Amino acid sequence: MLAAIGSAVGLGNLWRFPYIAFKNGGGAFLVPYFVALLTTGIPLLMAEYAFGARSKTGAPHAMRKISPKVEWVGWWAILTGFVILTYYMAVMAWSWFYMIKSPSIPWAEDAKGYFFNSVLQISDGPMQIGGIIWPLALATLATWIICYLITRWGTKSVGAVVKWTVPLPYILLVILLVHGLRQMGSIEGLIYYLTPTWDVLTNPQVWMAAYGQVFFSLSLGFGVMIAYASYLKSKEDLPWQATFAGLANSATEFFAGFVVFAVLGALAAVTSVNITEVVAGGPGLAFVAFPMALAALPFAKFFSFVFFLMLLTLGIDSAFSLLEAATTAIQDRYPKFRRGRILFVLCLIGFLIGLLFVTNAGLYWLDIVDHWMNSYGLVGVGLAEALILTFLLGTKKLKSELNAHTIRPVGLIWELSIWFITPIALTVTIILSLKGEFTSAYEGYPPIALAIGGWGIWTLTIVLALLLQKDKMKWAKLLGFLLIIGVVLVAMFVSTALAMGLFGSIVLAGGLLWLLAIDWLKRKKLSPKSATK
Ligand code: TRP
């Protein structure tokens, strides 16, 4: 359970939640967020626990036990988590940078300028990649090495360390909040954060952001919770643990939101602009707001150091949870490979991919990849899991697994949420938000960047997942379906943008080639058999 909370509570709570909430209208975001948490997040977390506890293996094998046809969903989860991990490391690199610089707090004058110009050295757009920022690259390397060593040798001792570092974030957040509230304007910030707006409920983009955040933050759809639950000794109260982990995790980020919005409110008052315009929202928000709040504290240098060290420790147990899950899954599938070797190769590949996020254009790519991996990756996995549970396994079996050792059994409400609310809500949200993707380019980025970092990487995770599945012929059909769905979607929603037309033709051509390839493979497979007969 501690490991599950360690995986869940991470940068997602302190770095991601505040900017996602800010970008989606502050208080406007909270309603979809809590709806997503209660109707999908926690019920699905219970399901993932039960999947793991029942099958005693990692995500792909757990799926395979249900049906060989859906093993790829487990791989898809792991691959999505792996891509997320590569940019998660970049965020940790920023934390390293701030921690090392905290003896002089060079951001005290201009936190925003410092972050974008000194730390990121940001370029004008995703296509202006520039070069690698070496201090950040070294920091990601250091983090990969630490995660490698921990996953290789020390998950147990880390558990002990983590246990002691758990209260630290809360203490620091309370200090920052109390200090922040004494600044003028901070209350306006909180009002903006806490006032729900009802008309936003009709905006699918906000709903998508809410589901994405819930998945990211609870470590849902990464395959991690399935792997962790597989280590459980029997006689655990699963529904209670999932409820507790889910609520504790969300409470943490909800609280972090208070700090960030208080700071933003104060900043708006000082610069006398509207809070919605006070900083450029986006993945840099927390690294402007927190350093600013820290610099204003007494003993600023000390608190800065402790804060960024804490961010690193919070990030690391999330990071190795995925490495652990991925290594176990690969070992299950290819028993020939040694564990250490698998882990090493994973870390090396991850580090190399992650270099993209520490270039001058790194933040833009991070933003794009994060958007797609959450909205269509994690949430896609979640939808697939709910459907598998409903149509292949049946909710009854998991329900008895969940209720085996609990004093608060789950019942109709849980089942309703798995086979009715979650599939419908996720399908509708995905389709409507896909439509938005085609009618306007995400954050106004050039379509080519979205095609590569968004659709490209997303498609790659699915294709690789299908390739990793043992059962080959079935996945071929599935990918054919997928491509047809892609074509239909493009045809339905295509805008006048040439780029999207191009995207459609690529998918179409790819789909045809794919079908031909399957046909050819099948014939090749059939002919020797008929010859022997
Ligand atoms: N839930 C974590 C958070 O809130 C994120 C996370 C969990 C994660 N597992 C991961 C990120 C694996 C990358 C890789 O921060």
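Residues numbered from 1 in each chain as written. Predicted model: local features only at pLDDT ≥ 70, side-chain atom pairs only at ≥ 80, totals over all residues. Heavy atoms only, no water.

(A) Region of the structure containing the side chain of Glu385. By the secondary structure assignment, Glu385 is in helix 16 (residues 362-393). For Glu385, which is buried and forms no salt bridge, the nearest opposite charge comes from Arg54, at a distance of 13 Å. (Helix = DSSP H or I, 4+ residues; strand = E, 2+ residues; numbered from the N terminus. Buried < 20%, exposed > 50% of the residue type's maximum accessible area, 1.4 Å probe, protein only. Lys, Arg positive; Asp, Glu negative; His and termini not counted. Salt bridge = Lys/Arg side-chain N within 4 Å of Asp/Glu carboxyl O.)

(B) Region of interest: the site of the ligand. In the vicinity of the ligand, 17 residues are found, and the nearest of them are Ala8, Gly12, Tyr88, Phe216 and Ser219. One of the backbone nitrogen or oxygen atoms of Phe216 is found 2.9 Å away from a nitrogen atom of the ligand. Ser318 is positioned such that a nitrogen or oxygen atom in its backbone is 3.4 Å from a nitrogen atom of the ligand. Here the ligand has 360 Å² of accessible area as a free molecule, and 100% of this is covered by the chains. More than half of the atoms belonging to the ligand lie within 2 Å of the grid points that define the largest cavity. Looking at the shell around the ligand, the elements that each hand over two or more residues are helix 1 (2-8), helix 2 (11-23), helix 5 (71-101), helix 10 (204-218) and helix 14 (300-333). In terms of residue count, helix 5 provides more of the shell around the ligand than any other element does, four residues in total. (Near = heavy atom within 4 Å. Polar contact = N/O pair within 3.5 Å; in protein donor to acceptor, adjacent residues only side chain to side chain. Areas by Shrake-Rupley, 256 points an atom, 1.4 Å probe, with all protein chains shown as cover. 1 Å grid on protein atoms, 1.4 Å probe; cavity = no way out; pocket = protein on both sides within 12 Å on 5 of 7 lines; lining within 4 Å. Sits in = over half its atoms within 2 Å of the grid points.)

(C) Local environment of the nonpolar core. Membership of the largest hydrophobic core comes to 187 residues, with the highest contact counts inside it found for Trp15, Trp94, Phe287 and Phe307. Setting aside its immediate chain neighbours within four residues, Phe287 contacts Trp15, Val91, Trp94, Ser95, Tyr98, Phe115, Phe308 and Leu311. (Core = buried A, V, L, I, M, F, W, Y, C linked by side-chain atoms within 4.5 Å. Contact = heavy atoms within 4.5 Å.)

(D) View of the packing of helix 10 against helix 16. Put simply, helix 10 and helix 16 touch, their axes get as near as 9 Å, and they point 75° apart. It follows that helix 10 is roughly perpendicular to helix 16 by the angle criterion. Where helix 10 abuts helix 16, its residues Met208, Tyr211, Gly212, Phe215 and Phe216 lie against Asp370, Asn374, Ser375, Tyr376, Leu378, Val379 and Gly382. Tallied by class, the residues present in the contact of helix 10 with helix 16 amount to seven nonpolar, four polar and one charged. (Axes fitted to C-alpha atoms, helices over the stretch in contact; angles between N-to-C directions. Parallel < 35°, antiparallel > 145°, perpendicular 65-115°, else oblique. Nonpolar A, V, L, I, M, F, W, Y, C, P; charged D, E, K, R; others polar.)

(E) Geometry of the packing of helix 17 (residues 395-403) against helix 18 (residues 412-439). Close contact between helix 17 and helix 18 brings their axes to 11 Å; oriented N to C, the two are set at 140°. As the angle between them shows, helix 17 and helix 18 are arranged oblique. Read as a crossing pair, helix 17 and helix 18 show a hand that is right-handed. For the pair formed by helix 17 and helix 18, the contact residues are Thr395, Lys396, Leu398, Lys399 and Leu402 on the first element and Trp414, Glu415, Ile418 and Trp419 on the second. Among the residues making up the contact of helix 17 with helix 18, the classes are represented as five nonpolar, one polar and three charged. (Left-handed = near helix turned anticlockwise from the far one by under 90°.)

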